[in-house]
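Structural overview
These are the residues of each chain, in order.
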Amino acid sequence: MSRLRFDDLRQYSDVLRSRHGQAVTVRFVEPRDAEALQNYFRALSTRSRYNRFLGAASELPPSELERFIDVGEADRFSVVATMPVDGRETIVGEARYAFDSQTAAIEFGLSIDDRWQGHGIGRALLKNLECRAAAFGAERIFGDTLRSNDAMIALARKSGYGFTNTPGDWRLTRFQKDIQNHVRIEPQEILCASWRLAAVSPSAMSSLAV
Ligand SMILES: CC(C)(COP(=O)(O)OP(=O)(O)OC[C@H]1O[C@@H](n2cnc3c(N)ncnc32)[C@H](O)[C@@H]1OP(=O)(O)O)[C@@H](O)C(=O)NCCC(=O)NCCS
């Protein structure tokens with residue numbers, strides 16, 4: 001897949017709502033986000049970072065940070081959830097997802113800043129990822145999490161995911177859900193810009209799914 005142009009990517013931004021109605025923007029990561037993204041990971045609690053990276057890590061290794069900001073490389077995408085905090089656009093969450101065309105599946109991981117956990121942002125971001133998966137034509141979306149991660153397991157269960165063992169790692173459980181591409185809804189009711197664009201004009205997705 002070719003690298004994506006940021007001019008193109010901006011049209012895929014979405015505005016979600018927290019439980020109390022605060023606007024949260026979800027957009028693709030840009031190179032200018034590198035430092036803020038690393039600071040975001042450093043500021044996560046040890047427990048949240050452990051859960052996100054499935055092991056101990058104080059920050060993203062430089063090579064991984066490079067990959068995070070290289071949106072579209074090998075069909076891997078990173079998004080940040082941002083909100084204005086004290087007048088500045090601030091990263092309050094992130095997600096990374098990868099599309100595997102062979103299995104028509106999207107694999108993802110996500111995190112929300114500890115200060116903003118419990119505000120319904122994780123749930124809204126998860127729905128947004130499902131919508132992005134539908135736009136790709138994915139038939140299934142899944143993630144792996146530590147068996148001890150009660151918050152992620154509860155979020156996945158509430159969001160209609162089923163559970164199975166993660167192949168090759170007994171510490172993890174896999175949560176997965178079928179994506180309902182066949183449901184006909186009007187473009188304006190669609191939760192994410194990418195699918196809205198795809199529904200209006202299938203060729204609009206050509207820059208994302210090469
Ligand atoms: C898991 C995580 C993403 C949830 O995000 P969040 O924004 O706090 O979740 P929400 O506020 O949207 O909560 C949605 C549902 O998740 C469940 N949930 C969230 N936090 C929970 C907790 N601490 N304990 C139990 N259930 C929890 C609840 O069922 C909740 O619904 P409810 O509020 O109606 O009861 C967040 O805790 C996080 O970032 N954790 C660290 C990183 C991580 O574990 N990532 C997952 C690896 S893939």
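The coordinates are above.
Residues numbered from 1 in each chain as written. Predicted model: local features only at pLDDT ≥ 70, side-chain atom pairs only at ≥ 80, totals over all residues.

Quick look at the pairing of strand E6 (residues 140–146)
- Of all seven residues in E6, five are buried, a share of seventy percent or more.
- Two elements, strand E5 (residues 105–112) and E6, share three bridges in a ladder whose sense is parallel. Residue pairing in the sheet places Ile-106 in a bridge with Ile-141 of E6.
- Relative to strand E8 (residues 172–178), E6 runs antiparallel, the two sharing seven bridges. Within the sheet, the bridge partner assigned to Gly-143 lies in E8 and is Phe-175. (Buried ≥ 20, exposed ≤ 12 C-beta atoms within 10 Å, placed from the backbone. Helix = DSSP H or I, 4+ residues; strand = E, 2+ residues; numbered from the N terminus. Pairing = 2+ DSSP bridges.)

What to know about the site of the ligand
- Contacts to the ligand come from 23 residues, most closely from Asn-51, Gln-117, Gly-122, Ala-154 and Leu-155.
- If you list the elements that add at least two residues to the shell around the ligand, you get helix H3 (46–53), E5, helix H5 (121–136), E6 and helix H6 (150–158).
- Here the element with the most residues in the shell around the ligand is H6; it accounts for six residues.
- Considering only residue class, the shell around the ligand consists of seven nonpolar, 12 polar and four charged. (Near = placed C-beta within 6 Å. Nonpolar A, V, L, I, M, F, W, Y, C, P; charged D, E, K, R; others polar.)

Re the nonpolar core
- Judged by nonpolar contacts, the single largest core of 47 residues is most densely connected at Val-24, Ile-106, Leu-125, Leu-129, Ala-133, Ala-138 and Ile-141.
- In contact with Ala-133, other than residues within four places in its own chain, are Ile-106, Ala-138, Ile-141 and Ile-179. (Core = buried A, V, L, I, M, F, W, Y, C linked by C-beta atoms within 7 Å. Contact = placed C-beta atoms within 7 Å.)

Quick look at helix H2 (residues 34–43)
- Taken as a whole, H2 has its buried residues at Leu-37, Tyr-40 and Phe-41. One face of H2 carries all of its buried residues, which in axial projection span an arc of 95°. Away from its buried face, by an angle of more than 90 degrees, H2 presents the exposed residues Glu-35, Asn-39 and Arg-42.
- The inward-facing, buried residues of H2 contact H3, helix H4 (62–69), strand E3 (76–85) and strand E4 (88–100). (Arc of directions from axis to C-beta.)

Here's the deal with the sheet that holds E3
- The mixed open sheet is built from eight strands, whose spatial order is E1-E2-E3-E4-E5-E6-E8-E7. Of all the strands in the sheet, the pair left with one neighbour each is strand E1 (14–17) and strand E7 (162–165). Between one strand axis and the next, the sheet turns by 30° as a mean value, whatever way the strands run.
- The sheet contact formed by E3 and E4 spans 10 bridges and is antiparallel. Across the sheet, Ser-78 pairs through a bridge with Arg-96, a residue of E4. (Axes fitted to C-alpha atoms, helices over the stretch in contact; angles between N-to-C directions.)

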